[in-house]
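Structural characterization, general
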Amino acid sequence: MKVHETRSQAHAAGDERKMTRKQKAETKSQDSASPKKAKTEEDNGQEGEESMVDIRAEFEKFCKALSEHLSIKQMREILEANGQYSSGDDDAVVPRCQDIMFYGPLDNCPICGGMLECSGDRYHCVGDYSEWSSCIYSTREPPRREDTLRFPKSVESTPVSDLIKKRGDPKKNRPPRKYSAPKKPFDGMMISLAGRLTRTHQYWKSIIEKHGGKVNNSVIGGARVTCLVVSPAERDRGGSSKVAEAVERSIPVVREAWLSDSIEKEQAQPLAAYDIASDIAVEGRGIPLDKMDPSAEALETITADLKVFGKRGVHKDTKMQDEGARILEKDGLLYNCALSVCNQKNRINDFCIMQLIMSPENRLHMYCKKGRIGDSIRADNKLEEWENVDDAIKEFARLFEELTGNEFESWEREKKIQKKHHKFFPIDVDDGVEVRHGALGLRQLGSAAAHSKLDPMVANFMKVLCSQEIYRYALMELGHDSPEVPIGMLTDLHLKRCEETLLYFVEKVKSMKETGQAAEGVWYEFSQRWFTLMPSIRPFTFRDYTDLAEHAASAYETIRDVNFASRIIEDMSGSTLDDPLFERYKKLGCFVSPLEKDSDDYKMIVNYLEKTYEPIRVGDMSYGVSVENIFSVEVSACPSLDDIKKLPNKVLLWCGTRSSNLLRHLHRGFLPSVCSLPVSGYMFGRAVVCSDAAAEAAQYGFTAIDRPEGFLVLAIASLGEEIKEFSSPPEDTKALEEKKIGVKGLGRKKTDEKEHFIWKDDITVPCGRLIPSEHKDSVLEYNEYAVYDPQQVSIRYLVAVKFDEQGVVYDTAEA
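Residues numbered from 1 in each chain as written. Predicted model: local features only at pLDDT ≥ 70, side-chain atom pairs only at ≥ 80, totals over all residues. Heavy atoms only, no water.

The chain carries the name Poly [ADP-ribose] polymerase in an unreviewed UniProt entry, which gives Nicotiana sylvestris as its organism. Recorded under Function (unreviewed entry), the UniProt text for the chain is reproduced unchanged: "Involved in the base excision repair (BER) pathway, by catalyzing the poly(ADP-ribosyl)ation of a limited number of acceptor proteins involved in chromatin architecture and in DNA metabolism. This modification follows DNA damages and appears as an obligatory step in a detection/signaling pathway leading to the reparation of DNA strand breaks." (UniProt positions renumbered as here; feature names shortened; annotations may be inferred.)

1. Description of the packing of helix α17 (residues 456-465) against helix α22 (residues 580-588)
Running from N to C, α17 and α22 point in directions that differ by 80°, and their axes come no closer than 10 Å. Classified by the angle between their axes, α17 and α22 sit roughly perpendicular to one another. Across from V458, A459, M462 and K463 in α17, the residues of α22 making contact are L581, R584, Y585 and L588. Across the contact of α17 with α22, the residue classes tally to 6 nonpolar, no polar and 2 charged. (Axes fitted to C-alpha atoms, helices over the stretch in contact; angles between N-to-C directions. Helix = DSSP H or I, 4+ residues; strand = E, 2+ residues; numbered from the N terminus. Parallel < 35°, antiparallel > 145°, perpendicular 65-115°, else oblique. Contact = heavy atoms within 4.5 Å. Nonpolar A, V, L, I, M, F, W, Y, C, P; charged D, E, K, R; others polar.)

2. Some remarks on the sheet that holds strand β2 (residues 122-125)
Across the sheet, which stays open at both edges, the 3 strands sit in the order β1-β2-β5 with antiparallel pairing between neighbours. Whereas interior strands pair on both sides, the edge strands pair on one side only; in this sheet they are β1 (116-119) and β5 (138-139). (Pairing = 2+ DSSP bridges.)

3. Thoughts on the side chain of Q269
Along the chain, the position of Q269 falls in the loop between α10 (257-264) and α11 (277-280). Taking the relative accessible area as the measure of exposure, Q269 reaches 16% and is therefore buried. (Buried < 20%, exposed > 50% of the residue type's maximum accessible area, 1.4 Å probe, protein only.)

4. Some details on the pattern of salt bridges
Pairing is possible between side chains of opposite charge, provided their charged atoms come close. Evaluated as defined, the whole model comprises 41 salt bridges. Ionic contacts of the salt-bridge type, sharing partners, join the residues K307, D317, K369 and E484 into one network. (Salt bridge = Lys/Arg side-chain N within 4 Å of Asp/Glu carboxyl O.)

5. Section: the sheet that holds strand β6 (residues 190-194)
In space, the 4 strands of this open sheet follow the order β7-β6-β8-β9, with parallel pairing throughout. Of all the strands in the sheet, just β7 (214-215) and β9 (253-254) have a single pairing partner and so form its edges. As judged from the 4 bridges shared by β6 and strand β8 (residues 227-230), these two strands associate in the parallel manner. Counterpart to A194 in the pairing with β8 is V230. On the sheet, helix α7 (residues 201-210) packs against β6 and β7 and is oriented at approximately 165° with respect to β6. Where helix α9 (residues 241-248) meets the sheet, it contacts β6, β8 and β9, and its direction lies at approximately 145° from that of β8.

Written out as structure tokens, the structure reads:
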């Protein structure tokens with residue numbers, strides 16, 4: 001680059017030497033004229049500001065006259081006469097009326113066609129984008145109609161009738177409404193981040209900068225840091241020097257909600273209200289789950305009792321389940337439903353549970369609980385006894401229709417449902433017991449393994465997969481862990497509806513031509529629809545493909561697998577089986593056996609892991625990995641070793657997965673990714689995706705700081721006769737899926753091919769240290785391999801690992 005710059009400068013210098021006298025004179029003339037021109041522009045700017053001041057003064061005078069001589073009722077009539085939004089509080093009607101009478105009537109929303117309303121210094125749409133979502137159009141310069149204002153007769157006799165008629169004439173050159181440049185919520189702020197937040201540090205960095213702030217990796221040196229955004233778990237651990245340094249320097253340490261709330265309210269919120277000290281001890285404080293830091297939320301939900309655990313489960317808050325009460329079933333209809341609705345613009349994220357419960361004494365009760373997801377304490381909770389069964393059924397059906405806009409019988413018999421504006425939508429719950437309730441509790445884990453006929457190591461392995469803990473944590477990390485919503489016991493029909501919603505949106509956004517707020521509206525509409533179908537304690541608006549991959553596609557796959565686990569594990573909470581672990585092991589139809597630590601395969605796998613692993617970064621911390629145990633696996637749904645040996649181009653590869661997904665993998669093998677997205681793991685469409693880098697798989701297998709145990713999977717994948725290579729997302733993944741062509745995604749790092757070797761006759765093991773590849777601009781960090789036929793992938797080993805904190809990396813980096 002320096003050579004080019006030097007040549008360019010030399011060329012420019014040569015051009016200057018060749019300039020004629022005439023050209024020099026013209027240039028000199030232009031240079032001397034420019035200050036005068038700048039002065040003229042400056043004068044124009046001053047005149048414009050003076051004009052704005054005059055208009056504002058005139059507007060204030062006009063508003064004062066209206067307020068003195070027009071009633072609220074007359075102002076509403078003016079709004080209605082001109083097709084403007086007239087609903088709402090009296091305080092909101094006044095500025096709306098003043099605005100349209102001075103600046104002209106508002107046109108409809110350019111996105112959804114709804115009405116606009118003046119609110120402070122902005123204009124918002126009050127219409128609906130669809131039956132799932134409100135419109136989020138917002139602007140400072142709204143479209144206006146060139147219509148003459150219409151006035152009701154009640155206004156004509158007022159002292160200001162002449163004034164408003166004059167202003168209502170569009171020929172009088174209505175002035176445009178001007179505002180000073182809006183201030184961004186983080187203007188002038190230096191913000192530092194630490195620990196594992198709900199969104200990545202890179203995500204928050206881009207958002208903070210977009211809203212006027214800057215991010216500093218350290219709280220010491222350089223510019224003064226306004227605050228440190230951190231998880232309370234980091235402070236509790238006492239291992240983060242950032243928190244200690246911030247406290248020592250009196251820098252506020254706040255929770256993540258401060259960022260999102262400040263952006264939502266377009267103004268930096270008081271730091272004291274978000275101090276993490278208020279989150280440390282949440283027990284007994286009645287803080288809603290959605291207001292807690294995720295780590296504090298975990299303390300609550302990991303031990304919380306699930307309120308409803310299956311279609312036939314009586315809600316725990318009724319206190320009737322221990323009496324032997326049951327859900328009423330009559331004429332083929334089961335009177336139990338869970339409902340949900342999400343509309344973030346209106347601050348709605350609610351659930352409703354409705355049940356007709358019959359006691360052993362044949363006394364009928366109607367139970368209804370309605371409130372915000374994650375805030376059960378403040379929910380409306382009603383349990384009423386009914387003498388007449390038919391009357392109770394009619395009331396149940398009436399309430400269902402009031403809440404959803406649909407008939408209960410059509411829904412319950414045929415699953416016919418149509419989402420209505422601002423109404424709830426049913427969450428279709430299946431029979432059975434959700435795994436968060438039915439799996440082994442902490443007190444049962446030891447005895448279940450100790451008395452099993454399974455090999456002790458296999459028994460301990462099954463104990464992990466049959467424990468409530470891993471499923472509670474999986475849902476907690478995804479924000480789908482509300483005790484009120486049985487998200488782990490959904491019907492296949494509901495899961496299919498979620499999958500179809502995701503696939504439809506992915507295709508829509510790929511071909512989307514909308515830009516700006518129109519595009520934001522498309523994303524927002526999907527977000528409300530998704531979090532209505534998949535209720536979450538922490539709903540948010542999806543912004544990009546990475547969000548879709550991490551919080552929709554991956555979340556869907558995990559919830560699907562948790563539902564499968566619920567059906568395998570069923571109810572072990574009060575199991576009378578002599579050997580419940582062995583019974584669940586038999587259901588899997590697979591064979592699991594521990595590898596001897598001195599065997600060649602064990603040593604090979606450890607070597608493969610060590611060479612292709614790099615520490616995982618979570619916030620400011622790094623995590624290494626150590627091998628606890630390795631299990632050899634034969635999955636009946638996968639091809640056997642002998643069968644897969646017959647296939648071409650076989651490679652032993654790493655696959656990452658949550659522990660909560662393993663039961664389904666062991667029973668049915670790997671399923672292809674749910675959709676195609678131009679990000680890692682989904683870039684090649686509906687394929688089984690593996691990697692030659694344990695570092696890539698570990699990012700999926702990593703659990704959390706306080707839960708360091710996890711699993712990595714080793715599988716043999718046949719890439720087929722034809723292999724295509726990509727370093728960027730392919731344009732047409734459907735063609736790859738149809739032809740079942742093997743794909744290799746080329747990452748920015750690769751394993752050193754000099755160290756690769758052949759194992760078990762003709763299976764390649766790409767075991768080599770990670771080195772930079774020639775594909776520096778690839779969207780992938782490590783190589784990925786995509787196989788479109790699950791019968792070309794055979795799970796062979798499960799590697800139980802422990803992620804070890806490397807605290808010194810953090811201290812050294814900051815120093």
